Protein chains: 2
Amino acid sequence: MGARNSFEGSLTDLKNTLLKMSGLVERVLDDAIRSLVQGDLELAESVIADDEKINDLEHQIENESIHLIATQQPVAKDLRKLVSAIKIASELERMGDLSVDIAKTTIRLKGEQLIKPLVDIPRMAGIAQQMVRESIDSYVMEDVEKAREMAELDNQVDALFSKVVRELHILAAEDVKKVDQTVPLAFVARYIERIGDHATNIGESVIYLVTGQKPELNH
Amino acid sequence: MGARNSFEGSLTDLKNTLLKMSGLVERVLDDAIRSLVQGDLELAESVIADDEKINDLEHQIENESIHLIATQQPVAKDLRKLVSAIKIASELERMGDLSVDIAKTTIRLKGEQLIKPLVDIPRMAGIAQQMVRESIDSYVMEDVEKAREMAELDNQVDALFSKVVRELHILAAEDVKKVDQTVPLAFVARYIERIGDHATNIGESVIYLVTGQKPELNH
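Residues numbered from 1 in each chain as written. Chains lettered and ligands numbered in written order. Predicted model: local features only at pLDDT ≥ 70, side-chain atom pairs only at ≥ 80, totals over all residues.

Caption draft 1: Broad picture of unusual backbone geometry. Residues and elements named next belong to chain A. Positive phi is not limited to glycine here, since Q73 has a value of about 45°. For Q73, the location among the structural elements is in the loop between α2 (41–72) and α3 (76–108). The class for Q73 is partly exposed, based on 14 C-beta atoms found within 10 Å. The backbone phi angle of A76 is positive, close to 45°, even though this residue is not glycine. The residue A76 is located in helix α3 in this model. Among the residues examined, A76 registers 8 C-beta atoms within 10 Å and is labelled exposed. (Helix = DSSP H or I, 4+ residues; strand = E, 2+ residues; numbered from the N terminus. Buried ≥ 20, exposed ≤ 12 C-beta atoms within 10 Å, placed from the backbone.)

Set out below in structure tokens:
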């Protein structure tokens, strides 16, 4: 294999590692939300343990990308591909951290009965997961249109965030004993909202990769 | 000037840009907290405007570092310096975003009388500012000991965070009308706590830069 082919092969490896990493992030987010809804402390602990794997994948992607930049001296789009890989891995790592924050909330609430069935929090998380998946698809396919469509979903996440916080306010105002759960659950909604922001950042990286322009997608 | 000297010169420029960026982050954090305490909507708007400058400095540091990696093919510590610069700029940029989140809380509360004088929130922010300053000092001086000492301050920030959230709970439980401020102010405490985490991440980058090892400082 010539140097060019081996460079292309390295880029394919990087894409596959990013796909693996994003799949893991989707799963830990799902696990974190289920741990909260079901009061499952063991599942919450597994999210915290899995975060190590996500961190390792980030280091792997970063090291490989930097190594390729230093040894292959890529320019233009090839260089942007590597810079984007580093940035996307960093966004995914933050999403893993936020999932850990959700799992820690499960543990802090010690499996106590939740003040409401949290319908909108799992819904928010479902849309955030879809954003993670589509953001990485848009990277793999280098599809600017898909990246933009994905970022539109963030409006739904933001609207649900406001709705959840409003509802938590009302519940706390109705019954003062519920205040103990209001703040942690509002934090969870915020963590999911942040995950949507990180997916939007990935969309921005995809547009930069394809066009060389740094756009500001709506946040 | 030979290639080596010009590389050293570029590294010095990078350090100076990082210093400028961290100075700006310290200032916007201070402005954001003052805007909240004083209900100063104009100051809050200035924080949001200044965030653009912080974002521009991040792009500048990232572009320059990537350019140097690609053209100078640095190895070992020189390479780590550039990777660290990219990572530190990214941490500082997140701190800027969190300061904007605080400023947006000021705007959301529309200058209304705060439910308490917020003594501990400015105190948390003061320590976070100190962490930002010392983290960048430890980078400039490549001082591992200083980085570790700075990270220790994060325990104080975390302790104050828990205290503030507990106090907000009590206030909300005492008077249901205060619930409207409880969640936004708990968020502000959380944002400052995150800024401490980002400073700790900078400390980790400094240790990596000097030693080549990736430590996990206490979070």
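What follows continues from the structure just given.
Caption draft 2: Spotlight on the interface of chain B and chain A. Taken together, the contact between chain B and chain A spans 22 residues of the former and 22 residues of the latter. Elements with a minimum of two residues in the side of chain B that touches chain A: α2 (41–72), α3 (76–108), α5 (144–174) and α6 (179–211) of chain B. Looking at the side of chain B that touches chain A element by element, the count peaks at seven residues for α6 of chain B. Taken together, the residues that form the side of chain B that touches chain A break down as 14 nonpolar, five polar and three charged. (Contact = placed C-beta atoms within 7 Å. Nonpolar A, V, L, I, M, F, W, Y, C, P; charged D, E, K, R; others polar.)

Caption draft 3: Expanded view of the packing of helix α6 (residues 179–211) of chain A against α5 of chain B. Where α6 of chain A contacts α5 of chain B, the axes come no closer than 9 Å and their chain directions differ by 130°. Taken as axis vectors, α6 of chain A and α5 of chain B run oblique relative to one another. Between α6 of chain A and α5 of chain B lies a crossing of right-handed hand. Residues V179, D180 and V183 of chain A of α6 of chain A touch α5 of chain B, and the partners they reach there are V165, H169, A172 and A173 of chain B. In the contact of α6 of chain A with α5 of chain B, the residues fall into five nonpolar, one polar and one charged. (Axes fitted to C-alpha atoms, helices over the stretch in contact; angles between N-to-C directions. Parallel < 35°, antiparallel > 145°, perpendicular 65-115°, else oblique. Left-handed = near helix turned anticlockwise from the far one by under 90°.)

Caption draft 4: Representation of the nonpolar core in the model. Within the largest apolar cluster, 120 residues are counted, with the highest numbers of intra-cluster contacts made by A128 and I192 of chain A together with A128 and I192 of chain B. In this structure, I192 of chain A is in contact with I121, M124, A125, A128 and V157 of chain A, ignoring residues within four places of it in sequence. (Core = buried A, V, L, I, M, F, W, Y, C linked by C-beta atoms within 7 Å.)

Caption draft 5: Region of the structure containing the relation of the copies chain B and chain A. Screw-axis analysis of chain B against chain A gives a translation of 0.0 Å along the axis, an RMSD of 0.0 Å, and a rotation angle of 180°. Those values place the two copies in the arrangement expected of a two-fold rotation axis. Closest approach to the rotation axis within chain B is made by the C-alpha atom of A70 of chain B, at a distance of 2.7 Å. Comparing interface residues between copies, 100% of those in chain B also sit at the interface in chain A, which points to an isologous, same-surface contact. (Least-squares fit on C-alpha atoms with pLDDT ≥ 70 in both.)

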